[in-house]
Protein chains: 2
Amino acid sequence: MGRQRPGTPTLEEVAALAGVGRGTVSRVINKAAGVRDSTRRAVQQAIDELGYVPNLAARSLAGHRADAVALVMTEPDWRQFGEPFFTEIVRAVGDALTDTPVQLLLTLVRSDTERQRFVEYARGGRVDGVLLMSVHAQDPLPDMLAKAGLPTVMLGRRSGDESVTYVDADNTGGARDAVTHLLAGGRRTIGALGGPLDMYVAQCRLRGYREALERADVEVRDSLIVAGEDFTEESGRRATAELLARHPDLDAVFAASDTLAAGVLGALREAGRRVPEDVAVIGFDDFHPARPMEPPLTTVRQPLEEIGRTMVRLLLEEMEDSPVAWRHVILRTELVLRDSA
Amino acid sequence: MGRQRPGTPTLEEVAALAGVGRGTVSRVINKAAGVRDSTRRAVQQAIDELGYVPNLAARSLAGHRADAVALVMTEPDWRQFGEPFFTEIVRAVGDALTDTPVQLLLTLVRSDTERQRFVEYARGGRVDGVLLMSVHAQDPLPDMLAKAGLPTVMLGRRSGDESVTYVDADNTGGARDAVTHLLAGGRRTIGALGGPLDMYVAQCRLRGYREALERADVEVRDSLIVAGEDFTEESGRRATAELLARHPDLDAVFAASDTLAAGVLGALREAGRRVPEDVAVIGFDDFHPARPMEPPLTTVRQPLEEIGRTMVRLLLEEMEDSPVAWRHVILRTELVLRDSA
DNA sequence: ATGAAAGCGCTAACAT
DNA sequence: ATGTTAGCGCTTTCAT
């Protein structure tokens, strides 16, 4: 057992030292109005003298709030957490909370044990709200939290008619733009690398690919589409090799993530194809400044900063019970042209 | 305000429904001994019927513990979090806690504001202990926590005489082994890439480099040593370019991290050097299965799994106030030979 | 503007 | 084995 050391000063001792009532001390530490300036100073001095720190458990119990929110990564494969997409989201969420008194707690949920433990933690009132990243279609966590009445915001959605509040990028539109760009460049044999199909985001990006082809009256061939197991570089490599075997005349590839795209580039070069001369490549861009796409290719940029900010805004609104205009927000992507393919 | 919805059943209601006293219900949910099996079942049924979940704030307040520990990343540059070294540690720590009732909370401390907020969170009793990653020499956080009497375990140390409990790899020894191996291979003009010198780990690794040279009676030349700003690949690239400019006859490089080593490889190849024929490279290995060193080179492997496990063990011991044999643990590294350089 | 007092829901010590 | 009770330290009315 750890916790606050015995002998930790309490609000009551502060009150005694300052010669005021408990209520007054409470008002001071909560910066509530209606305290004379001289009293406030006296209390503050007592606080400093004693090194008083509020007991958060007591505050939670009496105040019915935790002043904390959880950002949950529900991914059995924890290494995904190192992916730029997630680190950027974490950064954006952290930034959005920096001016609030709310403590951000990142948590991993990799197994049913951990899921159970987290639900008890959250339902137990240790957080006021939950942000969910990387949710797979069959994940029960969002519903468990919703049923418990906990304010919850997801990054992405599990399906087309999602009940939980979410923020998503316009994956379909972004993919459509990308493939339309490839078509405009004269490409016709365009391969598509989706991510894992149990994630709606992968379905959307593939749908965008199809829609672009259909609009241009180009035949959609299933043999040009490969759904990977995940969004990793290695996955991109394997899929590309497969694609090249099936379609030696491949002249473009649309990849559903930038790590996939990196794998595509590697595999293409190994196979002796020039990029973008022989094969043009476009991927979604997770916008990680430290690991720029190399070489710079045209990418579909997701507004990660805005996604994180929006998630926080929606969550705080739900926590305040204030009216929310939209419970579903879909943010536009941007096609960043960086080649002449 | 969020938190447990109004109308959430309390322990008292469970007791009433089950027709027992509060104490008994408490015993049941805490799996305490001394409850008849039939009573236990009756209580359990009431719990299920009501969908009761314990209020963790009340439990903390009465029980003087939080059943949670924080794993803190104190790095102004949050992107570091994506580095394999950290994701592996997070995984190992998560694994070590998976069979305990303790919830793991990851937190970012990037600024003074966040440091302050976290200290209040921790001192406020929301966690029973703190694990610290990526601590820089002048970081005041460890002392703030120690002064507050919070069980704390650091990954690495801030200096040679660290007061806070820590777990570290044998950086000096590992570096010595690496450089000794290079010398045994006949290399004499060996460059050294340290990390940021405000981190003790970087100093140790450079010391190991020096010691190996001294033991072999090879002159230590300052011009062969470059301290980077951080442990990133980009940093490794720049440093290597500098090294090559100063020493065209460079025949080996010792890098203080695997990401640095990756940068070294890139820069060497760009400069037309063959690896390991012209220049042998050895780096510390953060052992990330998903991003293997490419090409496989000899590396100094740190026992990350064991580091994480040990940190957790020490922390739990400190939390239990049970006697701890060592407050400082230094784990051996292993030289993994993968080339003929 | 400030003090007093009633809980918040639980654990743990003490009875029985 | 189980019921009873006294807090844990705070927020929040309600008086004054």
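Residues numbered from 1 in each chain as written. Chains lettered and ligands numbered in written order. Predicted model: local features only at pLDDT ≥ 70, side-chain atom pairs only at ≥ 80, totals over all residues. Heavy atoms only, no water.

As annotated in an unreviewed UniProt entry, chain A carries the name LacI family transcriptional regulator and is attributed to Streptomyces vinaceusdrappus.

### Details of the sheet that holds strand E7 (residues 225-227) of chain B
Residues and elements named next belong to chain B. How we decide: Any two strands with at least two DSSP bridges between them are considered paired. A helix here means a DSSP run of H or I that spans at least four residues, while a strand means a run of E at least two residues long, and both kinds are numbered starting from the N terminus. Interaxial angles span 0 to 180 degrees and are taken between N-to-C directions of axes, which are lines fitted to C-alpha atoms, for helices over the stretch in contact.
Strand order in this open sheet of six strands is E7-E6-E8-E9-E10-E12, and the pairing throughout is mixed. Lying at the two open borders of the sheet, with one neighbouring strand each, are E7 and strand E12 (334-336). Each strand axis lies, on average, 20° off the axis of its neighbour in the sheet, ignoring direction. Pairing geometry for strand E6 (residues 190-194) and E7, over three bridges, is parallel. In the strand pairing of E7, glycine 194 is matched with alanine 227.

### What about the packing of helix H8 (residues 171-184) of chain B against helix H9 (residues 200-215) of chain B?
Residues and elements named next belong to chain B. This is how it is decided: Throughout, the term roughly parallel applies to angles under 35 degrees, roughly antiparallel to angles over 145, roughly perpendicular to angles from 65 to 115, and oblique to all others. By definition, any crossing whose near helix is turned counterclockwise from its far helix by less than a right angle is left-handed, and any crossing with a clockwise turn is right-handed. Should any heavy atoms of two residues lie within 4.5 Å, those residues are counted as being in contact. Residues are grouped as follows: nonpolar covers Ala, Val, Leu, Ile, Met, Phe, Trp, Tyr, Cys and Pro; charged covers Asp, Glu, Lys and Arg; every other residue, Gly included, is treated as polar.
Two elements in contact, H8 and H9, have axes whose closest approach is 7 Å; the angle formed by their N-to-C orientations is 40°. Taken together, the axis directions place H8 and H9 in an arrangement best described as oblique. In this structure, the crossing between H8 and H9 has a hand that is right-handed. Residues Asn171, Thr172, Ala175, Arg176, Val179, Thr180 and Leu183 of H8 lie in contact with H9, whose contacting residues are Val201, Cys204, Arg205, Arg207, Gly208, Tyr209, Glu211, Ala212, Leu213 and Arg215. Taken together, the residues of the contact of H8 with H9 break down into eight nonpolar, four polar and five charged.

### Some words on the interface of chain B and chain A
This is how it is decided: What counts as buried area is the accessible surface, traced by a 1.4 Å probe, that two parts surrender upon association, with contributions from both included. Salt bridge, as used here, is a side-chain nitrogen of Lys or Arg placed within 4 Å of a carboxyl oxygen of Asp or Glu.
Counting residues at the interface gives 63 residues for chain B and 63 residues for chain A. The junction of chain B with chain A conceals about 5,300 Å² of combined surface from both sides, 53% of it contributed by carbon and sulfur atoms. Counting the contacts that link chain B with chain A gives two salt bridges. Salt-bridge contacts for Asp95(B) lead to Arg110(A); the nearest nitrogen and oxygen are separated by 3.1 Å.

### Some thoughts on the protein's contact with DNA strand C
For clarity, the cut-off: Here a residue is near a molecule or strand as soon as one of its heavy atoms is found within 4 Å of it. Whenever a nitrogen or oxygen atom comes within 3.5 Å of another N or O atom, the pair is scored as a polar contact, on the condition that within protein one atom can donate a hydrogen and the other can accept it, and that pairs from neighbouring residues in sequence are kept only if both atoms are in side chains.
DNA strand C sits among 27 residues. The nearest are Thr24(A), Arg27(A), Thr39(A), Leu11(B) and Tyr52(B). Arg36(A) places a polar main-chain atom, nitrogen or oxygen, 2.7 Å from a phosphate oxygen of DNA strand C. At 2.3 Å, a backbone N or O of Leu11(B) approaches a phosphate oxygen of DNA strand C. Take the surface near DNA strand C: its biggest share by element is five residues, from helix H2 (residues 22-29) of chain B. Classifying every residue of the surface near DNA strand C by side-chain character gives 10 nonpolar, 11 polar and six charged.

### Remarks on the pattern of salt bridges
Basically, it comes down to this: Buried means the residue's accessible area, taken with a 1.4 Å probe over protein chains only, is under 20% of the maximum for its type, while exposed means over 50%, and partly exposed covers the values in between.
Tallying each qualifying case throughout the model produces 44 salt bridges over all chains. The partner of Arg65(B) in a salt bridge is Asp67(B), with the nearest N and O atoms 2.7 Å apart. The class of Asp67(B) is partly exposed, set by a relative accessible area of 21%. Each of Glu88(A), Arg91(A), Asp95(A), Glu305(A), Arg110(B) and Glu114(B) takes part in a single network of salt bridges with overlapping partners.

### A closer look at the relation of the copies chain B and chain A
Threshold: All copies are superposed by least squares; the fitting set is the C-alpha atoms of residues with a pLDDT of at least 70 in both.
Take chain B, turn it by 180°, move it 0.0 Å along the axis, and it overlays chain A with an RMSD of 0.1 Å. In short, the pair behaves as if placed about a two-fold rotation axis. Residues of chain B ranked by C-alpha distance from the rotation axis are headed by Gly82(B), positioned 1.9 Å from it. Taken as a fraction of all interface residues of chain B, those also at the interface in chain A reach 100%, which identifies the copy contact as same-surface.

### Structural notes on the nonpolar core
The condition is simple: Throughout, nonpolar core names a set of buried Ala, Val, Leu, Ile, Met, Phe, Trp, Tyr and Cys residues whose side chains join them through atoms within 4.5 Å.
The biggest cluster of nonpolar side chains holds 58 residues, and the ones touching the most others in it are Met133(A), Ile307(A), Met133(B) and Ile307(B). For Ile307(A), the residues in contact, after removing those within four places along its chain, are Ile89(A), Leu155(A), Val167(A), Ala169(A) and Leu331(A). Counting residues in hydrophobic clusters, the runner-up holds 42 residues, among them Ala70(A), Leu145(A), Ala70(B) and Tyr166(B).

### As for the UniProt feature "domain: HTH lacI-type" (unreviewed entry) in chain A
Quick reminder of the rule: UniProt positions are given in the numbering used here, feature names are shortened, and annotations may be inferred rather than shown by experiment.
Taken from the UniProt record, the annotation "domain: HTH lacI-type" (unreviewed entry) applies to residues 9-63 of chain A. Segment residues 9-63 of chain A splits into 69% helix and 0% strand. End C-alpha atoms: 20 Å apart.

### Regarding the protein's contact with DNA strand D
Surrounding DNA strand D, one finds 28 residues, the nearest of these being Leu11(A), Tyr52(A), Gly21(B), Thr24(B) and Arg36(B). Here DNA strand D approaches the protein such that, of its atoms within 4 Å, sugar and phosphate make up 58%. Between DNA strand D and Asn55(A) there is a distance of 3.2 Å, counted from a phosphate oxygen to a backbone nitrogen or oxygen. Take Arg22(B): an N or O atom from its side chain is 3.1 Å from a base nitrogen of DNA strand D. Of all the secondary structure elements, the ones that give two or more residues to the surface near DNA strand D are helix H2 (22-29) and helix H4 (56-63) of chain A together with H2 and helix H4 (56-63) of chain B.

### Notes on the side chain of Thr189(A)
Relative to the assigned elements, Thr189(A) resides in the loop between helix H8 (171-184) and strand E6 (190-194). Those residues in contact with Thr189(A), other than ones at most four positions away along the chain, are Arg221(A), Leu224(A), His247(A), Asp249(A), Leu250(A), Asp251(A) and Ala252(A).

### Focus on the pairing of strand E9 (residues 280-285) of chain A
Residue and element names in this part refer to chain A. For clarity, the threshold we go by: Orient the strands so they point away from the viewer; a crossover is then right-handed if the path from the first strand over the helix to the second runs clockwise.
Buried residues dominate E9, accounting for six of its six residues. Sheet topology places strand E8 (residues 252-255) next to E9; four bridges connect them, and they run parallel. Opposite valine 253, over in E9, you have valine 281 as the bridge partner. One crossover worth recording links E8 to the parallel E9 by way of helix H11 (residues 258-270), and it is right-handed.

### Observations concerning the environment of Ala255(B)
All names here are of chain B. Mapped onto the elements, alanine 255 comes out in strand E8 (residues 252-255). For alanine 255, a relative accessible area of 0% translates into the label buried. Not counting the four nearest positions on each side in its chain, alanine 255 is found in contact with Leu193, Leu260, Ala261, Val264, Ile282, Gly283 and Phe284.

### Observations concerning the sheet that holds E8(A)
Residues and elements named next belong to chain A. The six strands lie next to each other as E7-E6-E8-E9-E10-E12, forming an open sheet whose pairing is mixed. The two strands at the open ends of the sheet, each matched to only one other strand, are strand E7 (225-227) and strand E12 (334-336). In this sheet, adjacent strand axes meet at a mean angle of 20° when their direction is disregarded. Contacts between H8 and the sheet are confined to E6, E8, E9, strand E10 (299-301) and E12, with E9 contributing the most and set at about 165° to the helix.

### Observations regarding H9(B)
Spacing of three or four residues puts side chains on the same side of an α-helix, whose turn is 3.6 residues. Residues and elements named next belong to chain B. Heads up, the rule is: Multiply 1.5 Å by the residue count of a helix minus one, and that product is the helix's expected span.
Helix length check: H9 (16 residues) gives 22 Å between terminal C-alpha atoms against 22 Å at 1.5 Å per residue, within 8%. For H9, the full list of buried residues reads Tyr200, Val201, Ala202, Cys204, Arg205, Leu206, Gly208, Tyr209, Ala212 and Leu213. Tucked into the core, H9 has its buried residues touching H8, E6, E7, E8 and strand E9 (280-285).

### As for the pairing of strand E5 (residues 166-169) of chain B
All names here are of chain B. Here E5 shows a buried face lined by Tyr166 and Asp168 and a second buried face lined by Val167 and Ala169. Of the pairings in the sheet, the one linking strand E4 (residues 152-155) to E5 comprises two bridges and is parallel in character. Looking at the pairing, methionine 154 lines up with tyrosine 166 of E5. Direction of pairing for E5 relative to strand E11 (residues 328-331): parallel, over a ladder of four bridges. Bridged to aspartate 168 within E11 is isoleucine 330.

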